[in-house]
Structures are given as C-alpha cells and as structure tokens.
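Coordinate inspection notes
Letter by letter, the chains look like this.
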Amino acid sequence: MDQGTRNEVLRRLAEAVGSTTVAHPTRVAIDGPPAAGKTTLADELAVILRDQGRDVIRATIDDFLFPRAQRYPRGEYSAEGCYFDAHDHGALNRVLLDPLGPGGDRSFQHAVYDRTADTVLSPPVTTATADAVLVFDGVFLMRPELIDRWDLRIFVSAALEKTVDRALIRERRVSSRAEVERRWRERYIPSQHFYFATVRPTDHVDIVVHNDEPQQPIWETRTHRPHRSRKRPGPLPTGR
C-alpha cells in the first residue's frame, strides 16, 4: 500500500485510466459505500482527464434509480430494498454501459431518472468518441449484473462509522440527525455488510483507495482475480 497526498492518488488514478487499452470507450467504475467520497473523487478525476485532453462522460448511479413509487416495496429503511430494489441496472446496461462497450455503437444516454423531481428522463442520445472515458460512481458496482461492464474498477473505502459522521454533516440542511442516523444504520450500512459478504467487491477491483483521511489517502493496486459466481445473491439473513 502507498500513502500520499490527494493529488498523488489522483495522478495515479489518471495514469491507470491512461494505461487501460480497449477498442472502445474506457468504462471506469468508482464503487464504495455512501459518503465514502466516491463522487468527489470521480469529479476530481474527471477534471484531470479533461485537462489531459480526454473526452470524459461523467455519470452516477443516482441517475439510474427507479422512481420512488417503485423502489421501496420493502419499506423506506429496508436494507434488502437498498440492494435489490433501488437501481435500474437493466437500463444502465442498455443505454450506457453496453453501447460504450465491446461491439457497442457508442450512442448512449447518461441518465434515465431525475432524483430531485422524481421523474423519468430521456435525454438526447449522444455519440461518444472511441477514446472517451466514462467516469461512473455509485454503490454496488461490482454486483453480478454489472461486474463485466467495467474496464477499470476502483473502490473507495472508508470506515462505515465515519460515513455516518460525514452524512450528518452533508445532509444537516435537508434531513434531521435522527433521520440520517436511521437511514444509515438500518438501510445503508446493513446493505453494505450484505454486499461485502456476498459479492466481496474488493476482490474484483483494480485499485482500492482508503479514504478515511481524504487529504492523505492510502491506495493499493490489487492483483486481478477471476470473478466469482455470477449468480444473483439471495436475501439478507433474517435480523439484518
């Protein structure tokens, strides 16, 4: 493992993107728990890649949520619902990841949902350049429905208790402390425990960024390992 400044880890990540050679746009996954720092890291990486002259497509799993009326069949605080019901992976593959992948025509849409308005979106179809880079952040990106769609896999790690503290700061203007605490402890953290137990995401990534101290991150390059079973994980154990 290496430790350095924020700029150093971003430089290393940009180098990893540059060394990924594929015959289609490079699809970069930035996975990790809520409030681990995925979005900030992805935004910063996108800036560096654009400064290097790359055509960057910036997208996020939050733009591939199901509408609220569909995504809480097990309840708003259900950890199972967080993993199984929240995101439209079929649409994500269909309109973004597959068109940018092997055999795709590079004609894509970067979103299907507006979270603020809770409405379905159908943005104009855009055609990516052959050497474009998709920088995509979100939760559960190494799950069986998505694992084969990425050309570079990055996991942003942070202690789950630390993510609660960050969430309380980040969401204090829009949610009460009690609501944030409940959402994290009943929904988000148990769903991450389930994800780690069943998918073991860090076994499948190329780089892990330990982001407990964002200005002094620790990073490690992982040895590539064959993907495990593609079977859909079962339900969370009773009591979670």
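Residues numbered from 1 in each chain as written. Predicted model: local features only at pLDDT ≥ 70, side-chain atom pairs only at ≥ 80, totals over all residues. Heavy atoms only, no water.

Within the protein chain, the secondary structure is distributed over 7 helices and 11 strands. With the principal axes as the frame, the protein chain shows a C-alpha extent of 45 × 40 × 40 Å. Split into buried and exposed, the 240 residues of the protein chain put 52% on the buried side. Restricting the contact set of the protein chain to residue pairs at least 6 apart, pairs at least 24 apart contribute 73%. Accessible surface for the protein chain amounts to roughly 11,500 Å². Of this, 49% is attributable to carbon and sulfur atoms. Here the protein chain holds 35 positive side-chain charges and 34 negative ones, and the gap between their average locations is 3 Å. (Helix = DSSP H or I, 4+ residues; strand = E, 2+ residues; numbered from the N terminus. Buried < 20%, exposed > 50% of the residue type's maximum accessible area, 1.4 Å probe, protein only. Contact = heavy atoms within 4.5 Å. Areas by Shrake-Rupley, 256 points an atom, 1.4 Å probe, with all protein chains shown as cover. Lys, Arg positive; Asp, Glu negative; His and termini not counted. Charge placed at Lys NZ, Arg CZ, Asp CG, Glu CD.)

Apart from glycine, the bulk of residues carry a negative phi angle, and the bulk of peptide bonds sit in the trans form. The phi dihedral of Ala35 falls on the positive side, at around 70 degrees, and the residue is not glycine. Structurally, Ala35 is set in the loop between strand 2 (26-31) and helix 2 (38-51). In this structure Ala35 comes out as buried when scored by relative accessible area, which is 8%. Within the chain, Arg200 stands out as a residue other than glycine whose phi angle is a positive 55 degrees. Relative to the elements of secondary structure, Arg200 occurs in the loop between helix 7 (177-198) and strand 10 (207-210).

Turning to the pairing of strand 9 (residues 152-157), a few remarks are in order. Taking burial as the measure, the 6 residues of strand 9 include 6 buried ones, the bulk of the element. Both faces of strand 9 are covered, namely the face carrying Leu152, Ile154 and Val156 and the face carrying Arg153, Phe155 and Ser157. Bridge count for strand 2 against strand 9 is 4 bridges, and the pairing is parallel. Bridge pairing in strand 9 links Asp31 to Phe155. As defined by bridge partners, strand 9 adjoins strand 10 across 4 bridges and the pair is classed as parallel. Its bridge partner being in strand 10, Val156 is matched across the sheet by Val209. (Pairing = 2+ DSSP bridges.)

In the structure shown here, the tally under the stated rule is 19 salt bridges. With a shortest N-O distance of 3.6 Å, Arg12 and Asp2 are connected by a salt bridge. On the criterion of sequence distance, the pair formed by Arg12 in helix 1 (residues 6-18) and Asp2 in strand 1 (residues 2-3) is long-range, its members being 10 residues apart. Taking relative accessible area as the criterion, Asp2 reaches 37% and is therefore assigned partly exposed. Among the salt bridges present, the one from Arg74 reaches Asp85, with a minimum N-O distance of 2.6 Å. With a gap of 11 residues between them, Arg74 in the loop between helix 3 (68-71) and helix 4 (79-84) and Asp85 in the loop between helix 4 and helix 5 (89-97) connect regions that are remote in the sequence. Residue class for Arg74 comes out partly exposed when judged on its relative accessible area of 41%. Through salt bridges with shared partners, one network takes in Glu161, Arg177, Glu181 and Arg185. (Salt bridge = Lys/Arg side-chain N within 4 Å of Asp/Glu carboxyl O.)

A few words now on the packing of helix 6 (residues 160-170) against helix 7. One way to put it is that helix 6 packs onto helix 7 with a least axis distance of 10 Å and a crossing angle of 145 degrees. Regarding helix 6 and helix 7, the two cross each other, and that crossing is right-handed. For the pair helix 6 and helix 7, contact is made by Leu160, Glu161, Thr163, Val164, Ala167, Leu168 and Arg170 and by Arg177, Val180, Glu181, Trp184, Arg185, Ile189, Gln192 and His193, respectively. Grouping the amino acids of the contact of helix 6 with helix 7 by side-chain chemistry returns 7 nonpolar, 3 polar and 5 charged. (Axes fitted to C-alpha atoms, helices over the stretch in contact; angles between N-to-C directions. Left-handed = near helix turned anticlockwise from the far one by under 90°. Nonpolar A, V, L, I, M, F, W, Y, C, P; charged D, E, K, R; others polar.)

What follows covers the sheet that holds strand 2. In spatial order, the strands read 1-11-10-9-2-8-3; together these 7 strands make up an open sheet with mixed pairing. A strand with exactly one partner marks an edge of an open sheet, and here the two such strands are strand 1 and strand 3 (56-60). Bridge analysis of strand 10 against strand 11 (residues 218-221) gives 4 bridges, and the strand direction is antiparallel. Opposite Val208, over in strand 11, you have Glu220 as the bridge partner. Seen against the sheet, helix 2 touches strand 2, strand 3, strand 8 (133-138), strand 9 and strand 10 and runs at an angle of roughly 170 degrees to strand 3.

The quantities given are spatial measurements derived from coordinates; they are silent on function.
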